[in-house]
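Each chain is listed here by its residues.
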Amino acid sequence: MKLGFLVDLNLCMGCKGCEIACKVENEVPLSTWRLRVKYIDLGTFPDTRRSFTPLRCNHCESAPCERICPVSALHYLENGIVNIDSDRCIGCAGCMMACPYGAIYMDPETNTADKCTYCAHRIESGMMPACVVACPVEANIFGDLEDDHSNISLYIMEHKGAVQVRKPEKHTTPTHFYVGGGNQTLNPLAHQRIEGYNLFNNITHLEHVGDKNHGILDRFLAPFVGHDRLDNSSLIESATSEQSHEQEGGH
């Protein structure tokens, strides 16, 4: 058995139900993610559209994260899933740097690496990954790649020639596939802004930063002495006056 994942980007509508289901199922901390849905805008007005792409661990057959881990916290299961053992992880972040897909994060609560495991605990119990169950349009397709009659194998054969993977030039042999969406959804370098359609067409520069009539010293002392113009001499006079007052008072 070799489990794989396929997302039909022609069906994905960007509801982020998979993203939420993943966070809830795996108790993913805030500010981190195992699965996220990115979007890009394509075309020029008025002929425009928005394309969504779920991103998760690719469970590569030649996973650089698994090879670099010094304590074998990242390891292969018999079904092909690249699993992670948080009890063995020492938090060196080597896997995070090795992963070309940015799919691994450091759990801020345990200080150990974590990532998508295709919900290995659910699969062990005979259930599907949480994101597959949550998708309202069945854009997420999961199954055994070695079974010619599985849903994912039939889908790949049906869309032969249109199946893509992320960063094929890395030669990691992902078991996570995409159908539809075009090259721009998976290749950031292929998506470029057309000249004249930038977010800011007329870019200017500030003549100065902050109030040009107030210097750094003024901004530092403003809460205490108001907004009148100060210079170094006034600061020195203030310090001298305070020192004289202390000597007169005998303190």
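Along every chain, residues carry numbers that run from 1 in the direction the sequence is written. Totals for whole chains, interfaces and linings use every residue, but because this is a predicted model, local features are given only for residues with pLDDT of at least 70 and side-chain atom pairs only at 80 or more, for both listing and counting. Neither water nor hydrogens contribute to the side-chain values; these are computed over all heavy atoms in the structure.

Participant: Please explain the sheet that holds strand 1 (residues 3-8) as it appears in this structure.
Facilitator: Consider a sheet: its strands pair through backbone hydrogen bonds, and that pairing is either parallel or antiparallel. Only strands that DSSP links by at least two bridges are regarded as paired with each other. Runs of H or I in DSSP of at least four residues are treated as helices and runs of E of at least two as strands, each being numbered from the N terminus. Across the sheet, which stays open at both edges, the four strands sit in the order 8-1-10-9 with mixed pairing between neighbours. With one partner strand each, in any of the chains shown, strand 8 (140-144) and strand 9 (163-164) form the two edges of the open sheet. Where strand 9 meets strand 10 (residues 176-179), two bridges bridge the pair, whose relative direction is antiparallel. Note on strand 10: the bridge partner recorded for Gln 164 is Tyr 178.

Participant: Explain the pattern of salt bridges to me, please; I cannot follow it from the model alone.
Facilitator: Once the charged atoms of two side chains with opposite charge are near each other, the side chains can pair. Any Lys or Arg side-chain nitrogen found within 4 Å of a carboxyl oxygen on Asp or Glu counts as a salt bridge. Taken as a whole and assessed by the stated rule, the structure comprises four salt bridges. With its nearest N and O atoms 2.9 Å apart, the salt bridge here joins Asp 114 to Arg 34. Of this pair, Asp 114 sits in strand 7 (residues 113-114) while Arg 34 is found in the loop between helix 1 (17-26) and strand 2 (36-44), placing the two residues 80 residues apart along the sequence. Only protein chains enter the accessibility calculation, which uses a 1.4 Å probe; a residue is then buried when its area is under 20% of its type maximum, exposed when over 50%, and partly exposed in between. The exposure class of Arg 34 is buried, given its relative accessible area of 9%. A salt bridge links Asp 41 to Arg 50, with the shortest nitrogen-to-oxygen separation between them at 2.7 Å.

Participant: I tried to follow the environment of Thr 112 on my own but got confused; where do I start?
Facilitator: Relative to the assigned elements, Thr 112 resides in the loop between strand 6 (105-106) and strand 7. Classification of Thr 112 by relative accessible area gives buried; the value is 9%. The sequence separation of Thr 112 and Arg 88 amounts to 24 residues, and the corresponding C-alpha distance is 8.9 Å.

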